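The lines below spell out each chain.
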Amino acid sequence: MSNSRIVVTGIGASSPIGGTAPESWDALLAGASGTRTLEYDWVEQYNLPVTFAAQAAVRPDTVLERPVAKRLDPSSQFALVAALEAWADAGSPDVDPERLGVDFATGIGGLWTLLDAWDTLREKGPRRVLPMTVPMLMPNAAAGNLSLHFGARAYARTVASACASSTESIVNAIEHLRDGLADVVIAGGTESVIHPVTLASFSSMQALSRRNDSPETASRPGAIDRDGFVMGEGAGVLILETEEHAKARGAKIYAAVVGGGVTADSYHITANDPEGTGAARAVRAALDMAGASPEDVTHVNAHLTSTPVGDPNEYTALHSVFGDRVREIPVSGTKASTGHLLGGTGALEAIFTVLALRDRVAPPTINMTEPDPAVPFRLSVEPQDLGSGDQLAISNSFGFGGHNAVAAFASV
Amino acid sequence: MAFSNDEVLAGLAELITDETGISADEVALEKSFTDDLDIDSISMMTIVVNAEEKFGVTIPDEEVKNLKTVGDAVTFITSNQA
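Residues numbered from 1 in each chain as written. Chains lettered and ligands numbered in written order. Predicted model: local features only at pLDDT ≥ 70, side-chain atom pairs only at ≥ 80, totals over all residues. Heavy atoms only, no water.

A. View of empty space enclosed by the protein. All names here are of chain A. One pass over the full model with this rule turns up 3 cavities of 30 Å³ or more. Estimated volume of the largest cavity: approximately 60 Å³. Considering the residues around the largest cavity, the lining is formed by Asp 265, Asn 272, Asp 273, Gly 276, Ala 279, Gly 310, Asn 313, Glu 314, Ala 317, Phe 398 and Asn 404. A total of 4 residues in the lining of the largest cavity trace back to one element, the largest contributor, which is helix H12 (residues 310–322). Within the lining of the largest cavity, the residues separate by chemical class into 3 nonpolar, 5 polar and 3 charged. (1 Å grid on protein atoms, 1.4 Å probe; cavity = no way out; pocket = protein on both sides within 12 Å on 5 of 7 lines; lining within 4 Å. Points joined across faces, edges and corners; volume = space filled by probe spheres on them. Helix = DSSP H or I, 4+ residues; strand = E, 2+ residues; numbered from the N terminus. Nonpolar A, V, L, I, M, F, W, Y, C, P; charged D, E, K, R; others polar.)

B. View of the sheet that holds strand E13 (residues 392–399) of chain A. Residue and element names in this part refer to chain A. Spatial strand order, E5-E4-E6-E7-E1-E8-E14-E13-E9-E10: 10 strands in an open sheet with mixed pairing. Looking at strand neighbours, the two that pair on one side only are strand E5 (155–159) and strand E10 (331–332), the edges of this open sheet. Pairing geometry for strand E1 (residues 6–14) and strand E7 (residues 234–242), over 8 bridges, is antiparallel. Across the sheet, residue Ile 6 finds its bridge partner in E7, namely Thr 242. Seen against the sheet, helix H8 (residues 165–178) touches E1, strand E4 (100–105), E5, strand E6 (184–191), E7, strand E8 (255–264), E13 and strand E14 (403–410) and runs at an angle of roughly 115° to E8. (Pairing = 2+ DSSP bridges. Contact = heavy atoms within 4.5 Å. Axes fitted to C-alpha atoms, helices over the stretch in contact; angles between N-to-C directions.)

C. Inspection of the UniProt feature "modified residue: O-(pantetheine 4'-phosphoryl)serine" (unreviewed entry) in chain B at higher detail. All names here are of chain B. The positions that UniProt labels "modified residue: O-(pantetheine 4'-phosphoryl)serine" (unreviewed entry) are, in the present scheme, Ser 41. Assignment of secondary structure puts Ser 41 in helix H2 (residues 41–55). Judged by its relative accessible area of 58%, Ser 41 falls in the exposed class. (UniProt positions renumbered as here; feature names shortened; annotations may be inferred. Buried < 20%, exposed > 50% of the residue type's maximum accessible area, 1.4 Å probe, protein only.)

D. Representation of the packing of aromatic side chains within the structure. Residues and elements named next belong to chain A. For the structure shown, the criterion picks out 7 aromatic pairs over all chains. Pairing Phe 202 with Phe 400 gives two aromatic rings, centres 6.2 Å apart and planes at 55°, and the pair type is tilted. Of this pair, Phe 202 sits in helix H9 (residues 196–204) while Phe 400 is found in the loop between E13 and E14, placing the two residues 198 residues apart along the sequence. For Phe 202, a relative accessible area of 9% gives the class buried. Residue Phe 400 is classed as partly exposed on the basis of its relative accessible area, which comes to 29%. (Phe/Tyr/Trp six-rings, centres within 6.5 Å; stacked < 30°, edge-to-face > 60°.)

E. Expanded view of the pattern of salt bridges. Tallied over the entire structure, the rule returns 24 salt bridges over all chains. The partner of Asp 40 of chain B in a salt bridge is Arg 71 of chain A, with the nearest N and O atoms 3.1 Å apart. Of this pair, Asp 40 of chain B sits in the loop between helix H1 (5–20) and H2 while Arg 71 of chain A sits in the loop between helix H3 (66–69) and helix H4 (74–89), each in a different chain. In this structure Asp 40 of chain B comes out as partly exposed when scored by relative accessible area, which is 38%. On the accessibility criterion, Arg 71 of chain A (24% relative accessible area) is partly exposed. Shared partners join several salt bridges into a network, and the residues in it are Arg 66, Lys 70 and Arg 71 of chain A together with Asp 18, Glu 19 and Asp 40 of chain B. (Salt bridge = Lys/Arg side-chain N within 4 Å of Asp/Glu carboxyl O.)

F. Fine view of H1 of chain B. Taking 1.5 Å per residue as the helical rise, H1 of chain B with its 16 residues ought to reach 22 Å, and the 22 Å between its terminal C-alpha atoms agrees with that figure. For H1 of chain B, every residue scored as buried is listed here: Val 8, Leu 9, Gly 11, Leu 12, Ala 13, Leu 15, Ile 16 and Glu 19 of chain B. Summarising the contacts, the buried residues of H1 of chain B are in contact with H3 of chain A together with H2 and helix H4 (70–79) of chain B. Phi turns positive, to about 85°, at Gly 21 of chain B, one or two residues after H1 of chain B. (Expected span 1.5 Å × (residues − 1).)

As structure tokens, then:
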């Protein structure tokens, strides 16, 4: 593995608080909430215990041409919309197709396509199940379609590690770029599964907030009265490339992505290890790859999903790495605004981290009623100034299955 | 209710536009699905499945390969209506 520096040259997002990365960032800084009551008949029809979610601000099928959109599950539509933005933002790099890779992620895949096809089969029989059903629902559909659309022939890989997925895909991209498999990588993740089945399942698990009467304030990372996460949807995409390649083509550089760590808990299929050792090892691995020490970290975009158990576990993990200094680092729990994009969340938060370094500001964590003494991070409902010096930030993601992924970014 | 040739042609054009983005004006009886309209096998099968539903006909898989042109499809559908 070489020590090539990897840089971020393009960003794109479709999120509950904006149809693009800049719109999402501006809304985040302004303290927006993307969570709303769901206006679908099925909410009442199935008497769902949770009646809200953070739906994307812009439906992707209103952005894409219809013949393109109808061959894509919504999750792949979000991926393509975000990738088109990121690619254009990077200046549509002129790159040898065999040196362009895709590292993508989804937590669940084409759930809507699968369940719609099942409904069609039961109501109308097998002849009405469309031929594109499987190619649309397969978990690699987003990666394959991005490869097809942008002519990426180095590779198109997919990782699935639930809510850690798209931080893991960024870490994979770093490794692939350093291993010399590509000069430019389209990296990120997507999810679009706000469906009665997932709402019912996460509700049965007692994982979702039940604040049906106040959806906008339901996601409360680190607050003492938090009662679960809020389902979100959307995608984030980053164009990553070697610094040599970026400089040779005169690309704008947002930040460097300097390290990544991926570990597994082997503790429980859904609960994270209360000791936080797996998460802490992922942070240390990311810092090791960056050649940095915990003292260098100036900002954390935390996983903080607003679940009663998960948030203090993340504090425990970070405290074990940073010691008491963890209380002084400006931390952001941006799921307060965006909800939890599951397989898309890591990439969206990586974009927020990159923009935090560019603008020298930690974005707000809204909905803080009263800080939980068990989660004494430095969170603020206002943006926090990061100062003018060199910045090193980490973005954390943890997923069902015991997956931990951390990416580290440096200001340029 | 039976559909006329013109109705079937217009309905097929709608399905083809929806699936491929090809303008309905391009869809004419003499056009070949593959050579003129550049419709791949998956799109062809999607159009067939949707046409069966729209026109209430059955188009057997072994018949699909005989539908070279839009006119072939119109003729098959109009002559096999229930």
